[in-house]
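Survey of secondary and tertiary structure
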Amino acid sequence: FRFSDIFLLFPPFLPKMKRQFLTRGSPLVNFSKKCQFASVARGDFTKLNGDHVENLKTAAPGAVFVEDASDVAGYNTDWMKKYSGKSELVVLPRTTQEVSDILKYCNDNRIAVVPQAGNTGLVGGSVPVHDEVILNISKMDKIERFDPLGGVIVCEAGCILQNLSEYLEERDFVMPLDLPSKGSC
């Protein structure tokens, strides 16, 4: 999909879109000559502090909290080393209730959050832009049930595609999705 393709599909909108999103000094996007990617303004979010971390630990006591800078570094960078953020906290919940409690606390306190799973995307969508809390769902990896009659599998959001494929192969079923990053996505 090229920008010219968008022009062919939506000609009346392109000139306005170009002015709004692709103009240097735009309030939405500011392009740097050194980088081919846009820099995004931080926004009006609260800066994470020690009290917030302690309150999050209270809100989700079963979650794993990663605070050591050397351990957080791997979550701050995508696998191609193309994008990186400055997060100081990674939270790995184990249940949907913990996800809900974490997001409620962050929302109530205007703390920015970036969701993350396998961190295998090619566009940096799971990497923090600034100092967001990284909410990584990799600990939510359980297969809850499988209905062989209906061919339906119910699993948690952090299940690895390859694990699902192997689980189904043992039962003479096939996972209908196969990606190159299946061992980590």
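These numbers come from a predicted model, not from an experiment.

**Some points on the packing of aromatic side chains**
Applying the stated criterion across every chain yields a total of 2 aromatic pairs. Ring geometry for Phe 146 and Tyr 167: centres 6.3 Å apart, planes at 90°, overall edge-to-face. With Phe 146 in strand β7 (residues 143-147) and Tyr 167 in helix α6 (residues 161-169), the pair connects residues that are 21 residues apart, well separated along the chain. Seen from their ring centres, Phe 146 and Phe 173 are 4.9 Å apart, and the 80° between their planes marks the pair as edge-to-face. Placement of the pair is Phe 146 in strand β7 and Phe 173 in the segment after α6, with a sequence separation of 27 residues. With relative accessibility at 17%, the residue Phe 146 sits in the buried group. Assessed through its relative accessible area of 28%, Phe 173 is described here as partly exposed. These aromatic residues form a ring-pair network of at least three members: Phe 146, Tyr 167 and Phe 173. In this structure, Arg 171 packs its charged tip against the face of Tyr 167, placed 3.6 Å from the ring centre.

**Focus: unusual backbone geometry**
Positive phi outside glycine occurs at Lys 81, with the angle close to 60°. Secondary-structure assignment places Lys 81 in the loop between α4 (69-76) and β4 (90-92). According to the relative accessible area criterion, Lys 81 is exposed, its value standing at 67%. Positive phi, normally seen in glycine, also occurs at Arg 110, with a value near 55°. Note on placement: Arg 110 falls in the loop between α5 (96-108) and β5 (113-116).

**Remarks on the side chain of Asn 76**
With respect to the helices and strands, the residue Asn 76 is situated in helix α4. Relative accessible area serves as the criterion here: at 7%, Asn 76 is assigned to the buried category. Sequence-distant contacts of Asn 76, that is, excluding residues within four places in its chain, are made with Tyr 83, Ser 84, Gly 85, Lys 86, Ser 87, Val 127, Pro 128 and Ile 134.

**Some words on the pattern of salt bridges**
When the charged atoms of two side chains lie near each other, side chains of opposite charge can form a pair. All told, the structure shown has 8 salt bridges when counted by the stated rule. Between Arg 171 and Glu 170 there is a salt bridge, with the nearest N and O atoms lying 3.3 Å from each other. When the shortest N-O distance is used, the salt bridge between Lys 182 and Asp 178 registers 3.2 Å. Residue classification places Asp 178 among the exposed positions, given a relative accessible area of 57%.

Basis of the calculations
- Residues numbered from 1 in each chain as written.
- Predicted model: local features only at pLDDT ≥ 70, side-chain atom pairs only at ≥ 80, totals over all residues.
- Heavy atoms only, no water.
- Phe/Tyr/Trp six-rings, centres within 6.5 Å; stacked < 30°, edge-to-face > 60°.
- Helix = DSSP H or I, 4+ residues; strand = E, 2+ residues; numbered from the N terminus.
- Buried < 20%, exposed > 50% of the residue type's maximum accessible area, 1.4 Å probe, protein only.
- Lys NZ or Arg CZ within 6 Å of the ring centre and 35° of its normal.
- Contact = heavy atoms within 4.5 Å.
- Salt bridge = Lys/Arg side-chain N within 4 Å of Asp/Glu carboxyl O.

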